[in-house]
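Each chain is listed here by its residues.
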Amino acid sequence: QVQLVESGGGLVQPGGSLRLSCTASGTIFSAMGWYRQAPGKERELVAVLRRGDITNYADSVKGRFTISRDNAKNTVYLQMNSLKPDDTAVYYCNGRQVVTSKDYWGQGTQVTVSS
């Protein structure tokens, strides 16, 4: 059974930091990433980490967010610094399966940036 289990969301003040974690099981992913969806908006890519440690970030988070992966733990992280109210959203972990290129999703974790 393929699973992606996220953790690390919460409430933080503007300028603060959070680290999201996503632990994968059941398959091997060629790429893992984070997406987010704010109320009334479409889901958007935040950051993705591909084979060869190739990373891509949304322009809105460049310089503030960092995606990384611990292969031994099958876990991908999203370090979020200098958080802004506009970063408030449900954050979803995504994994693209190597063999089928099928996308799998975590259950989502809420990040709220507010004073």
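The following refers to the structure shown. (Residues numbered from 1 in each chain as written. Predicted model: local features only at pLDDT ≥ 70, side-chain atom pairs only at ≥ 80, totals over all residues. Heavy atoms only, no water.)

**Here's the deal with the overall build of the protein chain**
Across its full length, the protein chain carries zero helices and 11 strands. From first element to last, N terminus to C terminus, the protein chain shows the α and β order β-β-β-β-β-β-β-β-β-β-β. Over its C-alpha trace the protein chain gives a radius of gyration of 13 Å, about what one expects of a compact globule, namely 13 Å for 115 residues. Overall size of the protein chain, expressed as C-alpha extent along the three principal axes, is 45 × 25 × 25 Å. Counting all 115 residues of the protein chain, 40% fall into the buried class. For the protein chain, contacts bridging at least 24 residues in sequence account for 53% of all contacts bridging at least 6. Only carbon and sulfur atoms are counted for the fraction: they give 45% of the accessible area of the protein chain, which is about 6,300 Å². Of the side-chain charges in the protein chain, 13 are positive and 9 negative, and the distance between the mean point of each set is 3 Å. (Helix = DSSP H or I, 4+ residues; strand = E, 2+ residues; numbered from the N terminus. Rg over C-alpha atoms; globule rule 2.2 N^0.38 Å. Buried < 20%, exposed > 50% of the residue type's maximum accessible area, 1.4 Å probe, protein only. Contact = heavy atoms within 4.5 Å. Areas by Shrake-Rupley, 256 points an atom, 1.4 Å probe, with all protein chains shown as cover. Lys, Arg positive; Asp, Glu negative; His and termini not counted. Charge placed at Lys NZ, Arg CZ, Asp CG, Glu CD.)

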